[in-house]
Each structure stands twice: as structure tokens, then as C-alpha cells.
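Here is how the chains run, residue by residue.
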Amino acid sequence: MQTPLRIELPAQFAHETVNVYAFTEPELTLIDSGEANQASWEALQQGLVKAGLSVNEVRKIIITHAHVDHIGMAAQIAEASGAEIWVSDLVYDWAAFTAEKWQSRVDFLQVVFQKAQVPEVWYKPVIAYLQEIPAKWLPIPEKYLRRFSLQDTLSFAGNQWQVMHAPGHSASQTCFFQPDTQQFFSADMLLPITPVAVIEQEDQVPQKRVPGLVQMVESFEKITQMPIAVSYPGHGEPFADHQGLIAKQVARIHQRKNQCLEVVRAGVEQAFDIARKLYADASPTMLFSGFAMTLGYLDLLAAEGLVVQHDTPQGWRFEAVAQKQV
Ligand SMILES: [Zn+2]
């Protein structure tokens, strides 16, 4: 069994670094790429040189999901090396038509912010920040792109890896599992800390928000049953006890969901106001993640029939469903 080399690159989000994994045999293969900026490029080069390798030798880059910190620098690595970049069907358009897809995401978020009645003073800086993302996310020329389906197996590191679609953090999230060695590339589906259910739109119905946290809980249920020996996360260090980690994170999600229900029961109706109660001490960027999670808790509560969402001309209004007396 080959153990991948883990190279940590700087990244902008809460985790502060992102992992690129490298396998050297039978050809230099990277899992994910980091985001495009000078510091990432230097860190990747240094990480490879330390192992006696060079960026020019990369033959294959396999992308786990369509987020800037995982795919942003892939095009630059391919330009230097001629490497193939493998992306799933769900990532393809993000890889090839990055700017258009991103703009559609930002437009969608603005609608979500309006419906949640997020105050302008708060969402304007968030939108400005999001507009900067394409500078760190290079579109990939088609000549480098190779595409895999969600049912495929991928060949790398001298083995066949099962592709597993694991939506939750991102609708485009795929993990890779090797049944003999029981190695699992969990990407951002399993992380040392609970991943954020990022606000994303449906591929087929772009006006519709994906219920990310509901999907995340479902993905957790599937993964916990898998015979995994070691998980390689997109951020932080590899770990062994995936079941313990999942149990803890699922328990925490339900605990926060119940706190969210208490806030709705107390009569707080707007999603953003609910988020402010749940994440009272958060900085603006953390509150953006907290707001995404709050929509997720509301999705879970709606799925359980405990909360209903009313669409009014002013936006969404959430209401607790009266409980029958037993
Ligand atoms: Zn990530």
C-alpha cells in the first residue's frame, strides 16, 4: 500500500490550509490542487522538491469537488507539466466555465440574502469578498480535462479506486475508496471539524437551494458503514476512527438543530435573525458559515415536520409547528 505524501498549502477559509496529496507510483499523481496564488505555488513546489520531485513531473491531478481551494491552481500545474486533470461530471462545467458558474453562484446568493432579509451592511462585504474568488480559481483549458462519472472507478497509485458521491459540504463532492487497502479520500466530507454545508444551487434547477445539511447527514450514514482504515481529509491530518468522528459530528448537528428549534419556537422568524442568535459571537466571515448552517438546521427541522417555511413577498418566514399533546 502506498501512503500519499501530504503537502499543506495556504488557504483562505477557516481551516487556513488545504491538503494536496501526492502519489509517486506508477506516475506522479495529485489529489486536489490548492488555490491559485504565489504562496500556494511556492508551497507546492517546496513540498514536492523535499520529496525529490518536481511540479513538471505531475502526470495526473484528480479533483474532489468544485471549490476554489481544491481546484483553483490545477490549470497552472497542468500548464507547467502537461498533466491531465480528472474531474467528475458534476465538476466539469465549474472547471471549464469557471467565471460564468461563479457569477451565477454569487447572483443566487444575493437572492438568498434578500429572502433571508440579511441587512445590506452585512452582505455587501461578503459579496465583495466572493467577487474576488475567481482571481484564485483559474479555468482549465479543455485539452487538460478528463471526466469521470459518479459510478466510475479511477486508476491511480497502482490501484482501482471507487468513486463515491458524497454531497453535503458541496453538491459536487466525491470521495475515493480503495477496498483492499481501505484507504479513503474523504476530501471535505469528513474533516477533523464538522464541514460547513455550503449554500449551493441545484445543477438542474439553478433557482433552487440544495438542502446541503440534510444530504450531509445522509452521506455520514453511508460512510459510517464503510470499512475504512484511514481517511485523508481535504484539511488537517489523516485519521483512523471515522465512525467515532461521524458519531460526534452528527450528535453535534442534532444538538445545534434542537437549539435552532428553540429559537424558532421563541418566535424568531427570519433566517438571518435565527443565525445571529445561534452564532452570537461570530465574526462576519464566521457568521456567513453560521448562516449557511442555520439554513441547514431549518432544512432538517422542515424535513422532520417541526418547522414550516412561508414564502412571503418580504422573504422567508419560519414558524414552529405546534406539537400534539400526548
Ligand atoms: Zn476545502
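Here is a short report on the structure shown in this document. On a predicted model such as this, the values are computed, not experimentally measured, just so you know. (Residues numbered from 1 in each chain as written. Predicted model: local features only at pLDDT ≥ 70, side-chain atom pairs only at ≥ 80, totals over all residues.)

## Some details on the pairing of strand S2 (residues 17-23)
Spelled out, the test is: With C-beta atoms placed from the backbone, a residue is buried if 20 or more other C-beta atoms are within 10 Å of its own, exposed if 12 or fewer are, and partly exposed between those counts. In this description a helix means any DSSP run of H or I spanning at least four residues, a strand means any run of E spanning at least two, and both kinds are numbered starting from the N terminus. Should DSSP find at least two bridges between two strands, the strands are taken to pair.
Of all the 7 residues making up S2, 5 are buried; the element is thus mostly covered by neighbouring parts of the structure. Alignment of strand S1 (residues 5-10) against S2, held across 6 bridges, turns out to be antiparallel. Within S2, the residue paired with arginine 6 across the bridge is tyrosine 21. Examined bridge by bridge, S2 and strand S3 (residues 29-31) share 3 bridges and lie antiparallel to one another. Bridge pairing links alanine 22 to leucine 30 in S3. Hairpin geometry of S2 and S3 is characterised by an intervening segment of 5 residues between the two adjacent antiparallel strands.

## Thoughts on helix H7 (residues 212-224)
Quick note on the threshold: Expected span of a helix, by definition, is 1.5 Å for each gap between consecutive residues, and there is one gap fewer than residues. By the criterion used throughout, residues are in contact when their C-beta atoms, derived from the backbone, lie within 7 Å.
Between its terminal C-alpha atoms H7 stretches 18 Å, which fits the 18 Å expected from 13 residues at 1.5 Å a residue. Within the span of H7, buried status applies to Gly212, Leu213, Gln215, Met216, Val217, Ser219, Phe220 and Ile223. Those residues of H7 that are buried are in contact with helix H8 (242-265) and helix H10 (284-303).

## Digging into the sheet that holds strand S8 (residues 159-165)
The line we're drawing: Throughout, an axis means a line fitted to C-alpha atoms (over the contacting stretch in the case of helices), and angles, computed between N-to-C directions, take values from 0 to 180 degrees.
With respect to topology, 5 strands assemble into an open sheet ordered S7-S8-S9-S10-S11, the strand pairing being mixed. Single-partner strands in this sheet number two, and they are strand S7 (153-156) and strand S11 (230-233). Each neighbouring strand pair of the sheet contributes to a mean axis angle of 30°, computed without reference to strand direction.

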